[in-house]
Amino acid sequence: MDIVEMNGQPLLLALRALKLGDLLVAVPALRGLRRAFPEHRILYAAPAWIAEALELVGGIDHLPTPGLDDPLDIPSGAVDIAVNLHGNGPESRQRIDELGARRVLAYQAPGLDGPEWITGIPERERWTRLLNWHGIDADPLDYRLNRPSVPPPRPGSTVIHVGAAYGSRLWPIERFAEVAVELSRAGHDVVLTGGTSERGRAVETAALANLKGANLDGGVLAGRQGLAEFAATIADARLVVSADTGAAHLASAYARPSVVLFGPAPAEEWGPPPGPHVVLTAVELRRGDVFAADPDPALLAVTVRDVLDAVDGLGC
């Protein structure tokens, strides 16, 4: 299938060369674009591994894009409408400008007409606000995903997601293990999830939990699931306990009860929408360095008791 043209359809390209959570908070904007431009083929420019998640959004094709260091792999002039959902910095603006699109939807910048960029608003609203300014209807609460086509490996399990992209979001393994022990004792079928690079954390968490009487043998799913299987696990979960990661955003997308531990990122921008979700953090201690190697003080202030009380409050 030609990336530039399929059955003569004009192209709309949405740039957001970021991670899973970033895609999930952009779903309302993507849904608005799909409705507003039914005759266009929509390409979502993001890392290659995000393709499985795009299938859960529906109606969106993928342009593998590892980042902003190089021009997008598409000829200049091939794109009819370019949408900057990545940000409003010079790198993303340059990548959009290189496309030579007939129409550009972006935030206000030199040579670009658009709304003023403001801070402190939820990411879902940030991108629907952009589209609304450009005359496109988009609802920040239109964030639900399609169900994965694969079955969940452990239906009704309680997911403890031990991983995170950066050290600033890594809650201590010992605390995850204690939560696993207490939930297991309360009758939860606990599974531990994470990416391939986080399997070691999951294995260590399970070992500590088992020493304290939990039985997590076979429950370490970290590093063993593709994105579709991971989404299926979350979609059918009894409960999700996670740092501010893709797992937490998937719990929101499938309306699964969740306890989300926040550290460097502001919950008012990245937190879950209304629903059966509890945010735990200590805003007054937040250092805010997302790329730090050590956990943010706001995250470390969250205790095991805080998590268990939140689970009780959710009725799980």
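Note that the structure is predicted; figures quoted are calculated from it, not measured. (Residues numbered from 1 in each chain as written. Predicted model: local features only at pLDDT ≥ 70, side-chain atom pairs only at ≥ 80, totals over all residues. Heavy atoms only, no water.)

S.K.: I'd love a proper account of the overall build of the protein chain, names of residues and values included.
M.R.: When helices and strands are counted, the protein chain shows twelve helices and ten strands. The principal-axis extent of the C-alpha atoms belonging to the protein chain is close to 65 × 40 × 35 Å. When the accessible surface of the protein chain is split by element, carbon and sulfur atoms take 51% of a total near 13,000 Å². Taken together, the 28 basic and 40 acidic charged side chains of the protein chain have centroids lying 4 Å from each other. (Helix = DSSP H or I, 4+ residues; strand = E, 2+ residues; numbered from the N terminus. Areas by Shrake-Rupley, 256 points an atom, 1.4 Å probe, with all protein chains shown as cover. Lys, Arg positive; Asp, Glu negative; His and termini not counted. Charge placed at Lys NZ, Arg CZ, Asp CG, Glu CD.)

S.K.: Tell me what's going on with the sheet that holds strand β8 (residues 239-243), and back it up with residues and numbers.
M.R.: Reading across from one edge, β7-β6-β8-β9-β10 is the order of the five strands in this open sheet, with parallel pairing throughout. Every interior strand has two partners, whereas the edge strands, β7 (190-193) and β10 (277-280), have only one. Here the average twist between neighbouring strands, direction ignored, is 15°. Packed on one face of the sheet, helix α6 (residues 173-185) meets β6 (158-161), β7 and β8 and runs near 175° to β6. (Pairing = 2+ DSSP bridges. Axes fitted to C-alpha atoms, helices over the stretch in contact; angles between N-to-C directions. Contact = heavy atoms within 4.5 Å.)

S.K.: Describe the nonpolar core, naming the residues involved and giving the relevant values.
M.R.: L33, Y44, V83, L145 and L250 are the most contacted members of the largest nonpolar core, which has 45 residues in total. Top element by residues in this core is helix α8 (residues 227-235). It accounts for five residues. Apart from the residues lying within four places of it in its own chain, the contact partners of Y44 are A14, R16, D22, L23, L30, I50, L54, I60, D61, H62 and L63. Formed by 31 residues, the second largest nonpolar core is a distinct cluster that contains A177, V181, L216 and L261. (Core = buried A, V, L, I, M, F, W, Y, C linked by side-chain atoms within 4.5 Å. Buried < 20%, exposed > 50% of the residue type's maximum accessible area, 1.4 Å probe, protein only.)

S.K.: Requested: an account of the sheet that holds strand β4 (residues 81-84), with residues and values cited.
M.R.: Spatially, β3-β2-β1-β4-β5 is the arrangement adopted by the five strands of the open sheet, whose pairing is parallel. With one partner strand each, in any of the chains shown, β3 (61-64) and β5 (103-105) form the two edges of the open sheet. Ignoring which end each strand starts from, the neighbouring axes of this sheet average 25° apart. Where β4 meets β5, three bridges bridge the pair, whose relative direction is parallel. Paired with V83 across the strands is L105, a residue of β5. Running over the sheet, helix α4 (residues 90-97) touches β1 (11-15), β4 and β5 and is turned about 175° from β4.

S.K.: Please set out helix α12 (residues 304-314) residue by residue, giving values where relevant.
M.R.: Where α12 is concerned, the buried positions are V304, V307, L308, A310 and V311. Buried residues of α12, seen end-on, are gathered within an arc of 155° and therefore sit on one face of the element. More than 90 degrees from the buried face of α12, the exposed residues found are D312 and G313. Residues of α12 that are buried in the fold lie against α6, β8, β9 (258-261) and β10. Just beyond α12, the residue with positive phi is G315, at close to 75°. (Arc of directions from axis to C-beta.)

S.K.: Tell me about unusual backbone geometry, and name the residues and values.
M.R.: The phi dihedral of A255 falls on the positive side, at around 55°, and the residue is not glycine. Examined against the element boundaries, A255 turns out to sit in the loop between α9 (246-253) and β9.

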